[in-house]
Amino acid sequence: MSRALVIQLARLGDLIQTLPAITALAQRHGFAALDLLCAAPLAPVARWFPGIDRVIEWDGASWRRYAEQWRSGGVRSLDEARRSMDELLDPRYDVVFNLNQHPRAILVAHLAGREVVGAGETGPLSSDLPPWGRYLRGVARNRRGNRIHLADAFCGLCGVTPPAVVPRLTVPQKPVPLDLDAVGSSTGVWVAVIVGAGAPERCMPIAVWIDWITSFLDGCPTGGVVLVGSGTERERAAAIQDGLPPVCLSRIWDACGRTDLQQLVVLLARCTWVIGADTGPLHLAASVGTKVMGWYVARARVHETGPYGEGHWIWQADRNPPQTWPVRESLTLLASLEAEAASPEVDGWSLWTSRFDRWGTFYVTPGADDNAPEREEAWNACSIGFPLGKDRPVAQSF
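Below is a summary of the structure that appears in this document. (Residues numbered from 1 in each chain as written. Predicted model: local features only at pLDDT ≥ 70, side-chain atom pairs only at ≥ 80, totals over all residues. Heavy atoms only, no water.)

## Observations regarding empty space enclosed by the protein
Across all of its chains, the model carries two cavities of 30 Å³ or more by this definition. Each pocket or cavity is described by its volume, and for the largest cavity that value is around 100 Å³. Lining the largest cavity are Ile16, Gln17, Leu19, Pro20, Val166, Pro167, Arg168, His283, Ala286, Ser287, Pro307 and Tyr308. Looking at the lining of the largest cavity, the elements with two or more residues in it are helix H2 (19-29) and helix H12 (280-287). A total of three residues in the lining of the largest cavity trace back to one element, the largest contributor, which is H12. Across the lining of the largest cavity, the residue classes break down as eight nonpolar, three polar and one charged. (1 Å grid on protein atoms, 1.4 Å probe; cavity = no way out; pocket = protein on both sides within 12 Å on 5 of 7 lines; lining within 4 Å. Points joined across faces, edges and corners; volume = space filled by probe spheres on them. Helix = DSSP H or I, 4+ residues; strand = E, 2+ residues; numbered from the N terminus. Nonpolar A, V, L, I, M, F, W, Y, C, P; charged D, E, K, R; others polar.)

In structure tokens:
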């Protein structure tokens, strides 16, 4: 049996959305080993991916240093780069599935394996892209018309159709800081609030968070709120707490900058809901089975990067920046036991909920059952070389 490597060097959200492709590859190709190359800071989460045998850490800072030294005439940096590459790629793989169109990922893919599937499969110096690569490039240039989820496009890029069941990330058994151990320990609605986002234009205003949290705790006596964010977002978390009524503070747990990625997985899995912008922790929450409500603004598009799976909700802004925010309407939706029947309308926003079928995840307006026939058309157009609905026979080529 062959050995395979998946390359995903992008950020946390993209890594999490690689899970369906990894799941489909592991289930359908019977590899002797299926490894994953990802950014070193994300390796702790990647090690809990079902189906992955080994996680190889890509030290982006070291490779940037090698490049800068080489441009300055440093021959020694080339020797260091070669040694580092030999360690990463020993032994070589039979097939490499590359999900990144960046030249470095394409070069690594060809150095790592005998066959490349995905970005760069036509050659390390070729500018040609496979059909799914061209599709993704088109999505990046014109974001409005797409209905194929990014995670499912990753499946297509690997030559497999989406898995039959929504994959889940394994939740590690890892202790969290003592004061955060109370999260999820009592009955009630526990909501993790993601206070920031990777891009500033996607961040919800602090005043909106203050209004939302105050209204939620006032209307839900058994509710608790966990503030989630990186160390750089501690000031945002502090500003939010400074604006809350004192009576609310006893029901706030501030986890910003206080957990590693594995501990963050534990906290998100303990919550009833997670709410925030289109950012890595939002997708991380969906991957462990927690229900998600996202507020998508700027370049974030629900059909491409909505949380993967069923039962998630997204408020999509129709303009940027939004003139108003659906605070009351989102609370009504959150509190409703019959969420499917709730269809609040907010000027400047549209509401979407997620479904799952043979072509993966898609979003519809509440009460609708439109799975967008163009999704099947896209699969038909991009699945050149293997029949519609069938996986590409990669492992049979050796």
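## Side note on the nonpolar core
One finds Leu36, Phe49 and Phe97 to be the most contacted residues of the largest nonpolar core, which totals 71 residues. With six residues, the single largest contributor to this core is helix H11 (residues 261-270). (Core = buried A, V, L, I, M, F, W, Y, C linked by side-chain atoms within 4.5 Å. Buried < 20%, exposed > 50% of the residue type's maximum accessible area, 1.4 Å probe, protein only.)

## Some details on the packing of aromatic side chains
For the structure shown, the criterion picks out 12 aromatic pairs. Here the aromatic rings of Trp295 and Trp349 are separated by 6.3 Å at their centres, their planes lie at 65 degrees, and the arrangement is edge-to-face. Residue Trp295 is found in strand S10 (residues 291-296), and its partner Trp349 is found in strand S12 (residues 349-357); the two are separated by 54 residues along the sequence. As far as the burial class goes, Trp295 and Trp349 line up, both buried. One aromatic cluster is present, formed by Trp209, Trp212, Phe216, Trp295, Trp325 and Trp349 through successive ring pairs. (Phe/Tyr/Trp six-rings, centres within 6.5 Å; stacked < 30°, edge-to-face > 60°.)

## Details of the layout of surface pockets
Computed from the structure, the largest pocket encloses a volume of approximately 1,200 Å³. For the largest pocket, the lining is made up of 50 residues, of which Arg11, Leu12, Gly13, Asp14 and Arg202 are closest to its centre. Listed by contribution, the elements that provide at least two residues to the lining of the largest pocket are helix H1 (12-16), helix H7 (131-141), helix H8 (150-157), H11, H12 and helix H13 (302-305).

## Quick notes on a negative patch on the surface
A grouping of Asp369, Asp370, Glu374, Glu376 and Glu377 is seen on the molecular surface, where their side chains present a negatively charged patch. Topologically, Glu374 is positioned in helix H15 (residues 374-382). Glu374 sits in the partly exposed class, given a relative accessible area of 35%. (Patch = residues over 30% accessible without salt bridge, like charges linked within 9 Å, V, L, I, M, F, W, Y side chains within 5 Å. Areas by Shrake-Rupley, 256 points an atom, 1.4 Å probe, with all protein chains shown as cover. Salt bridge = Lys/Arg side-chain N within 4 Å of Asp/Glu carboxyl O. Lys, Arg positive; Asp, Glu negative; His and termini not counted. Charge placed at Lys NZ, Arg CZ, Asp CG, Glu CD.)

## Things to note about the pattern of salt bridges
Taken as a whole and assessed by the stated rule, the structure comprises 10 salt bridges. The shortest N-O distance in the salt bridge between Lys174 and Asp260 comes to 2.5 Å. With Lys174 in the loop between H8 and strand S6 (190-194) and Asp260 in the loop between strand S8 (252-254) and H11, this residue pair connects regions lying 86 residues apart in the sequence. With relative accessibility at 27%, the residue Lys174 sits in the partly exposed group. What makes Asp260 partly exposed here is its relative accessible area of 33%. Of the charged contacts in the structure, one is a salt bridge between Arg328 and Asp211, with a shortest N-O distance of 3.1 Å. In this pair, Arg328 is assigned in helix H14 (residues 327-335) and Asp211 in helix H9 (residues 206-219), connecting sequence segments 117 residues apart. Within the structure, one salt-bridge network assembled from shared partners comprises Arg3, Asp35 and Arg54.

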